[in-house]
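Below, each chain spelled out in residue letters.
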Amino acid sequence: GDSVTQMEGPVTLSEEAFLTINCTYTATGYPSLFWYVQYPGEGLQLLLKATKADDKGSNKGFEATYRKETTSFHLEKGSVQVSDSAVYFCALSDPDTGRRALTFGSGTRLQVQP
Amino acid sequence: NAGVMQNPRHLVRRRGQEARLRCSPMKGHSHVYWYRQLPEEGLKFMVYLQKENIIDESGMPKERFSAEFPKEGPSILRIQQVVRGDSAAYFCASSPGTSGSDEQFFGPGTRLTVL
């Protein structure tokens, strides 16, 4: 079945540091890929998405590129801020299988220190 | 345009009681999904519903859990005879349902604590 693997946290960075959170996936079809962010005590918000190979999703300075050859969708940001502290989830949907449910990774907690 | 609404935000139940979690999708959305998040884990899919129909319940425990999305009113996730292991955050998401890969919008969640 489909699965998502992302790097374990917590990731602790100083403000303005470069961020990478790795995400790899296994899917039977050609999935759509997502990054969601969860702030403390809140629900998930879609951060960015990509629906086909080589697409780059971007939002609020975050980027991720859909790499089919390496089955990866790593999240990057050039300069993190304290306000980026949150839990980040990589997820996929696999419409080719007829399932609309999202499959999530286990989440990576990011802590940005001033 | 209001987002996905869930209530209650926090629910405390004693073992053996029933828990009812409600979800009102975004306006114009006809598809609802329920996910469960155990402490320090990712979200796990439970069930996917359209109005008056359960489309995919492959993630639902076989016993004690049920879900509905009636023609009128919110979607309900019902847990009978709760046990401590049911303590988790339960998130609802909705989507318009007009394409196979459309975005899901999440509610703030209901945090269930079983004493």
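Residues numbered from 1 in each chain as written. Chains lettered and ligands numbered in written order. Predicted model: local features only at pLDDT ≥ 70, side-chain atom pairs only at ≥ 80, totals over all residues. Heavy atoms only, no water.

What follows covers the overall build of chain A. For chain A, the count of helices and strands is 0 helices and 12 strands. Of the regular secondary structure in chain A, the N- to C-terminal order runs β-β-β-β-β-β-β-β-β-β-β-β. Here the C-alpha radius of gyration of chain A, 14 Å, is about what a compact globule of 114 residues would show, namely 13 Å. With the C-alpha coordinates of chain A rotated into their principal frame, the extents come out at 45 × 30 × 20 Å. When burial is assessed residue by residue, chain A has 45% of its 114 residues classed as buried. A separation of at least 24 residues holds for 58% of the contacts in chain A among residues at least 6 apart in sequence. (Helix = DSSP H or I, 4+ residues; strand = E, 2+ residues; numbered from the N terminus. Rg over C-alpha atoms; globule rule 2.2 N^0.38 Å. Buried < 20%, exposed > 50% of the residue type's maximum accessible area, 1.4 Å probe, protein only. Contact = heavy atoms within 4.5 Å.)

A few words now on the interface of chain B and chain A. With 25 residues of chain B at the contact, the number on the chain A side is 20 residues. At the boundary of chain B with chain A, the tally comes to 0 salt bridges. Linking chain B with chain A are 5 residue pairs in polar contact (both at pLDDT 80 or more), by the criterion used here. Elements with a minimum of two residues in the side of chain B that touches chain A: strand E4 (31-37) and strand E5 (43-50) of chain B. If one sorts the elements of the side of chain B that touches chain A by residue count, E4 of chain B sits on top with 4 residues. (Salt bridge = Lys/Arg side-chain N within 4 Å of Asp/Glu carboxyl O. Polar contact = N/O pair within 3.5 Å; in protein donor to acceptor, adjacent residues only side chain to side chain.)

Below, the discussion takes up the sheet that holds strand E3 (residues 19-24) of chain B. All names here are of chain B. Strand order in the open sheet made by the 4 strands is E1-E3-E8-E7, with antiparallel pairing throughout. Lying at the two open borders of the sheet, with one neighbouring strand each, are strand E1 (5-7) and strand E7 (65-68). Ignoring which end each strand starts from, the neighbouring axes of this sheet average 15 degrees apart. As paired elements, E1 and E3 share 3 bridges and run antiparallel to each other. Bridge pairing in E3 places Asn7 opposite Arg22. (Pairing = 2+ DSSP bridges. Axes fitted to C-alpha atoms, helices over the stretch in contact; angles between N-to-C directions.)

Residues Leu19, Trp35, Leu48, Phe73, Leu75 and Tyr88 of chain A are the most contacted members of the largest nonpolar core, which totals 25 residues. Elements represented by at least two residues in this core include exactly strand E2 (11-14), strand E3 (19-21), strand E4 (23-26), strand E5 (32-38), strand E6 (44-50), strand E8 (62-65), strand E10 (86-93) and strand E12 (108-113) of chain A. Element by element, the count of residues in this core is highest for E10 of chain A, at 4 residues. Counting 23 residues, the second-largest nonpolar core is a separate cluster that includes Cys23, Ala67, Phe69 and Val82 of chain B. (Core = buried A, V, L, I, M, F, W, Y, C linked by side-chain atoms within 4.5 Å.)

Residues and elements named next belong to chain B. For strand E9 (residues 88-95), the tally of buried residues reaches 8 of 8 residues, placing the bulk of the element in the interior. Of the two faces of E9, the one carrying Ala88, Tyr90, Cys92 and Ser94 and the one carrying Ala89, Phe91, Ala93 and Ser95 are both buried. Where E4 lies against E9, 7 bridges are found, and the strand directions are antiparallel. For His31, the partnering residue across the bridge sits in E9 and is Ser95. Relative to strand E11 (residues 110-114), E9 runs antiparallel, the two sharing 3 bridges. Following the sheet pairing, Ala89 is matched in E11 by Arg111. Bridge analysis of E9 against strand E10 (residues 105-106) gives 2 bridges, and the strand direction is antiparallel.

All names here are of chain A. Read across the sheet, 4 strands follow the order E3-E9-E8-E7 without closing on themselves; strand pairing throughout is antiparallel. Looking at strand neighbours, the two that pair on one side only are E3 and strand E7 (56-59), the edges of this open sheet. If you compare each strand with its neighbour and ignore which way they point, the axes differ by 15 degrees on average. As defined by bridge partners, E3 adjoins strand E9 (residues 75-77) across 3 bridges and the pair is classed as antiparallel. When the bridges of E9 are listed, Thr20 appears paired with Glu76.

Further remarks concern the environment of Pro74 of chain B. Residues and elements named next belong to chain B. For Pro74, the position within the fold is in the loop between E7 and strand E8 (75-79). Through-space distance from the C-alpha of Pro74 to that of Lys51 is 9.8 Å; in sequence the pair is 23 residues apart. When near neighbours in sequence (up to four residues on either side) are disregarded, Pro74 contacts Arg22, Cys23, Ser24 and Phe69.

This next bit is on unusual backbone geometry. Going from Gly9 of chain A to Pro10 of chain A, the amide bond is cis rather than trans, its omega being 0 degrees. The residue Pro10 of chain A is located in the loop between strand E1 (3-6) and E2 in this model. Between Asn7 of chain B and the following residue, Pro8 of chain B, the backbone shows a cis peptide bond with an omega angle of -5 degrees. Tracing the chain through its elements places Pro8 of chain B in the loop between E1 and strand E2 (10-13). The backbone phi angle of Arg64 of chain B is positive, close to 75 degrees, even though this residue is not glycine. Along the polypeptide, Arg64 of chain B turns up in the loop between strand E6 (53-56) and E7.

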